[in-house]
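Reading the structure
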Amino acid sequence: MALSSARSTTAVNDSDTRTTGCLLTGIPGLEHLHIWLSIPFCAMYVAALAGNGILICIILSQPSLHEPMYIFLSMLASADILLSTSTMPKTLANFWLGSSHISFDGCLTQMFFIHFLFVADSAVLLAMAFDRFVAICSPLRYTTVLTSTVIGKIVAATLTRSLIIMFPSIFLLKRLRYCRINIIAHTFCEHMGIARLSCSDISINVWYGLAAALLSTGLDIILIAVSYIHILRAVFRLPSRNARSKALSTCGSHVCVILLFYIPALFSLFAYRFGGRRIPRYVHILLANLYVVIPPMLNPIIYGARTKQIWKGAKQMFSHLAKESK
């Protein structure tokens, strides 16, 4: 009887979180500010949607922008829209309506897409660094190296790598035995946030998440750094000051985007795992929200303000729309 009772209790504990779902508390310690925090977050989200949407339309509508650099930029804009959309609607619903409940499968789905898109974003930034490396270090080979076939393979590799890296995390979370605790102190579902609801040993989840981050994003950062070291060496060898200035301006916008993307994301990653009580919980939750909305908001501004071809394409697109509306 005792054994049967124990099994019954375990079954209830196992199924409790899976059947009742999870509760996202928002930003712990700042609940009284949720309404006020929702205003800048909503503004940034709308700006990210509008900016990246316009950027994609400009690139698609202008044949002169159908080049590798702008194709990668449109990929980055698409990933940014999806990344911010995977978190912000639920976050804003929580802030405005107190809609904190999410089903367990819905939580896993949100977690998968957030991490999948983050890894894909990182791969696109690496592809953009490679594009600049070829354009500046081997300009005569640019059209033969970055052909449409190669770009297609890069896109396929980006999606395949993200899927391979993130798919096991679903099974690592599903294998765990969950307790009755179903409260996630966050605005969205994150791998370690879900794992910490479990009564089981989550050391595999901790180390897998860290290894996945270091072997994907960490490797991307190293390769991007190596690319830009070679780029800078090639730039400073250019005889023309105007050519050097133009190359540095283009690379400068890329570096800004890279820093905006990686610094808050990596800080949030390590703070969540190793920060403990030294870093207030609301600090890294705020940062986690900022890295999914600030880079998507600023990327179109940075590229639009610093890239003459984008400005030119925007003028042509809007002038064409104005003519059609008359």
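Residues numbered from 1 in each chain as written. Predicted model: local features only at pLDDT ≥ 70, side-chain atom pairs only at ≥ 80, totals over all residues. Heavy atoms only, no water.

You'll find the protein entered in an unreviewed UniProt entry as Olfactory receptor, with Puma concolor given as the organism. Quoted verbatim from the Sequence similarities (unreviewed entry) field of UniProt, the annotation for the protein is "Belongs to the G-protein coupled receptor 1 family." (UniProt positions renumbered as here; feature names shortened; annotations may be inferred.)

1. Examining a nonpolar patch on the surface
A surface patch of nonpolar side chains, amounting to about 700 Å² of accessible area, comprises L33, I35, W36, I39, W96 and L97. Only α2 (34–61) and α4 (88–97) provide two or more residues apiece to the nonpolar patch. Tallying contributions element by element places α2 first for the nonpolar patch, with three residues. Within the secondary structure, L97 is located in helix α4. (Patch = residues over 30% accessible without salt bridge, like charges linked within 9 Å, V, L, I, M, F, W, Y side chains within 5 Å. Areas by Shrake-Rupley, 256 points an atom, 1.4 Å probe, with all protein chains shown as cover. Salt bridge = Lys/Arg side-chain N within 4 Å of Asp/Glu carboxyl O. Helix = DSSP H or I, 4+ residues; strand = E, 2+ residues; numbered from the N terminus.)

2. A short note on the sheet that holds strand β2 (residues 101–102)
Across the sheet, which stays open at both edges, the three strands sit in the order β2-β1-β3 with mixed pairing between neighbours. Lying at the two open borders of the sheet, with one neighbouring strand each, are β2 and β3 (183–184). Both strand β1 (residues 22–24) and β3 contribute to a ladder of two bridges, which runs parallel. Bridging from a neighbouring strand, L24 pairs with I184 of β3. (Pairing = 2+ DSSP bridges.)

3. Quick look at the UniProt feature "transmembrane region" (unreviewed entry) in the protein
Per the UniProt record, the feature "transmembrane region" (unreviewed entry) sits at residues 33–58, 70–88, 108–130, 142–167, 206–226, 247–270 and 282–305. Taken end to end, residues 33–58 is 96% helix and 0% strand, and its first and last C-alpha atoms sit 38 Å apart. Between the end C-alpha atoms of residues 70–88 there is a gap of 26 Å, over a span that is 89% helix and 0% strand.

4. Things to note about the packing of aromatic side chains
The way to describe two aromatic rings as a pair is by their centre distance and the angle between their planes. For the structure shown, the criterion picks out eight aromatic pairs. Ring centres of F112 and F113 lie 5.5 Å apart, and the angle between their planes is 80°; on these two criteria the pair is classed as edge-to-face. Geometrically, the ring pair formed by F261 and Y262 is edge-to-face, given 5.1 Å between the ring centres and 75° between the ring planes. By relative accessible area, F261 is classed as buried at 3%. Given the relative accessible area of 5%, Y262 is considered buried. Aromatic ring contacts, followed pair by pair, group F118, F261, Y262 and Y291 into a single cluster. (Phe/Tyr/Trp six-rings, centres within 6.5 Å; stacked < 30°, edge-to-face > 60°. Buried < 20%, exposed > 50% of the residue type's maximum accessible area, 1.4 Å probe, protein only.)

5. What about the packing of α2 against α4?
Orientation of α2 relative to α4, taken along the N-to-C sense of each, is 155°, at an axis distance of 9 Å. Here α4 runs roughly antiparallel to α2, going by the angle between their axes. Crossing angle aside, the handedness with which α2 passes α4 is left-handed. Taken together, the residues of α4 that come into contact with α2 (itself represented by H34, I35, L37, S38, F41, C42 and Y45) are M88, P89, L92, F95 and W96. Class assignment of the residues belonging to the contact of α2 with α4 gives a composition of ten nonpolar, two polar and no charged. (Axes fitted to C-alpha atoms, helices over the stretch in contact; angles between N-to-C directions. Parallel < 35°, antiparallel > 145°, perpendicular 65-115°, else oblique. Left-handed = near helix turned anticlockwise from the far one by under 90°. Contact = heavy atoms within 4.5 Å. Nonpolar A, V, L, I, M, F, W, Y, C, P; charged D, E, K, R; others polar.)

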